[in-house]
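Structural description and commentary
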Amino acid sequence: MPLESDARVVSELVSRGYNAEREAVTLIASSADPTRTLTLALDTLPADALKLTAAHVRAVLDQSDPSASTADVQTAVDSVPDSTPVETAPEAFERTVDHSLRSLQIANDMTGESTGTGRYEDFVAVFRDRYERLSAKLRSRVNHRTTRALKSMPGNSEAGIIGMVSDVRSTANGHWIIELEDTNGVFPCLVMKDRPLADLVNEILLDEVIAVDGTLSDDAGILFVESLYFPDIPRTHKPSTADRHVQAALISDVHVGSQEFMADAWSDFAHWLHTEEAEHVEYLCIAGDMVEGVGIYPNQDEELTIIDIYDQYEEFSEYLKEVPGDMEIVMIPGNHDAVRLAEPQPGFSDELRDIMTAHDAQIASNPSVVTLEGVSVLMYHGVSLDEVIAELPADKASYEEPHKAMYQLLKKRHVAPQYGGHTRVAPEEKDYLVIDEVPDIFHTGHVHKLGYGMYHNVLALNSGCWQAQTDFQKSVNINPDSGFAPIVDLDTLEMTIRSFN
Ligand code: D5M
Ligand code: FE
Ligand code: ZN
């Protein structure tokens, strides 16, 4: 294969299983005999190296032709016109896509539908909606009574309650009291410390809806809990799959505008999308934090390369243009984006949409349910994951295994169960944060860690980021997983992780 263009060099490298620095590619393509340079470079690469560096190519060039010094090669490179590999990529491999085979629907999008004004009544309405929709999922599990009815039942009767958790505390003897609230009132439920279900108490978050059943005390003032249920995903869930071999790249946390945004990794990824290997990747879902934003965290401005938020979106849009033009893109906002912080977050404003016109991307709220050729993807940025990880024991949720924190959200059938901590909730007449339908894929980001796994046949994926470690993250020992692109087969739900870091 002639290797006269950068894109051909990249395809060749990728087909042999290598990543390369962009400059290494340019050096090969502009050398006198690109095929020979590439072969030499790979032959002399250490066995464990996955990435071809520019330094290595220079060394090879120097050795094979001592008269052509590095400086000369560098000049040659500098004189290469400003056409980047991105523009030349389509020549190398022509993606052929059949748009008529595609289908993409978005549900649960509240963009433009916001009704909440932040009044007390709005909060009452949203909590009532949460209670009603989640309690419906628990009704078949317990023989439930309202808290008011319980109070007038004879002592020692068997009874169940479905309620929103208003308090969890331990007693002097080490037992647990869970206060459950329904639309009538609050009722205390006691979990004995030596019962096996005491192990579940540390999974409970405030404001989530659970069901318990057991026996009332002599005076019917408290319920002794024998079983505890979460709304959960039925184990019988059968995911839908696409009718053809087609893939989606699920990413998040691009953070354009930050000093730590990994522009090269991004371009390598975009570049790879143009290659034959990525021919079936027809969808790109971005789960929030497109840009770094301004004033998100104290002293954040010290790490910005672009200080104007609109300029950040302009720049993001430029990076988006590197992605093949035929791809379907879906984006939701995150906490660094220029939309309200409280969840649900509406999709980007018209002003921002006008900036990000590349690819005619679909823009939806956080969270949204995006159905790609029959496969439903619940996209949620993931701010509540910080909360779940802080509240739950490490074996149930941690930054190292972010997918386990996602399992908890699936189990609670709510993307942000606990109100009033990290996660701000905006009252709308409906609780858009309830996980009503079981998704086939649950896609989050935010914690900048890569992790995935199956929970009751739902593929849970937290997609890492395109930002290297920030000073803040260093100070608290967060080691981000940067420059990974998770690719899912929509026909099998199998995942492949591509590394571009
Ligand atoms: O969040 C990236 C991750 O880092 C997420 O787990 C929150 C955490 N983070 C980052 N910066 C801060 C500050 N300053 N305070 C608290 N937590 C932080 P992202 O949304 O990308 O910033
Ligand atoms: Fe982020
Ligand atoms: Zn975030």
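First, a word on what this report is: a plain description of the structure on this page.

Cut-offs applied
Residues numbered from 1 in each chain as written. Chains lettered and ligands numbered in written order. Predicted model: local features only at pLDDT ≥ 70, side-chain atom pairs only at ≥ 80, totals over all residues. Heavy atoms only, no water. Donors = N, O, S within 2.8 Å, 3.2 Å for Na, K, Ca; no water. Helix = DSSP H or I, 4+ residues; strand = E, 2+ residues; numbered from the N terminus. Buried < 20%, exposed > 50% of the residue type's maximum accessible area, 1.4 Å probe, protein only. Polar contact = N/O pair within 3.5 Å; in protein donor to acceptor, adjacent residues only side chain to side chain. Contact = heavy atoms within 4.5 Å. Near = heavy atom within 4 Å. Areas by Shrake-Rupley, 256 points an atom, 1.4 Å probe, with all protein chains shown as cover. Nonpolar A, V, L, I, M, F, W, Y, C, P; charged D, E, K, R; others polar. Expected span 1.5 Å × (residues − 1).

**Some remarks on the coordination of the zinc ion (ligand 3)**
Ligation of the zinc ion (ligand 3) by protein atoms is provided by Asp289 (OD), Asn335 (OD1), His381 (NE2) and His446 (ND1), these donors lying 2.1 to 2.3 Å from the ion. Separating the zinc ion (ligand 3) from the iron ion (ligand 2) is a gap of 3.2 Å, which Asp289 spans by donating to each of them. Taken as a pair, Asn335 in the loop between strand S11 (328-332) and helix H12 (350-355) and His381 in the loop between strand S14 (375-379) and helix H13 (383-391) lie far apart in primary sequence, 46 residues in all. The class of His381 is buried, set by a relative accessible area of 0%.

**Let's talk about the environment of Lys321**
As for its placement among the helices and strands, Lys321 is situated in the loop between helix H11 (309-320) and S11. On the basis of relative accessible area, Lys321 is assigned to the partly exposed category, the value being 47%. Spatially, the C-alpha atom of Lys321 lies 11 Å from that of His271, the residues being 50 residues apart in sequence. A polar atom in the side chain of Lys321 sits 2.8 Å from the side chain of Glu318.

**Re the environment of Ala211**
Note that Ala211 resides in strand S7 (residues 209-216). For Ala211, a relative accessible area of 0% translates into the label buried. Along the chain, Ala211 and Glu373 lie 162 residues apart, while their C-alpha atoms are 35 Å from each other. Once residues within four sequence positions are removed from consideration, Ala211 is found in contact with Leu138, Val142, Ile161, Ile162, Ser227, Leu228 and Tyr229.

**Quick word on the site of ligand 1**
Of all residues adjacent to ligand 1, which total 14 residues, the nearest are Tyr297, His336, Asp386, His448 and Phe472. For ligand 1, an oxygen atom lies 3.1 Å from a polar atom in the side chain of His255. Within the side chain of His336, an N or O atom sits 2.6 Å from an oxygen atom of ligand 1. Against a free-state accessible area of 460 Å², the protein chains account for coverage of 84% of ligand 1. Along the lines of polarity and charge, the residues of the shell around ligand 1 split into five nonpolar, six polar and three charged.

**Description of the coordination of the iron ion (ligand 2)**
Only Asp253 (OD), His255 (NE2), Asp289 (OD) and His448 (NE2) from the protein reach the iron ion (ligand 2) as donors, at distances of 1.9 to 2.3 Å. Look at where the donors of the iron ion (ligand 2) fall in the sequence and you get D-x1-H-x33-D-x158-H.

**Side note on helix H7 (residues 120-136)**
When the terminal C-alpha atoms of H7 are compared, their 25 Å separation across 17 residues agrees well with the 24 Å that a helix rising 1.5 Å per residue should span. Against the buried residues of H7 lie strand S4 (158-170), strand S5 (176-181), S7 and helix H14 (402-412).

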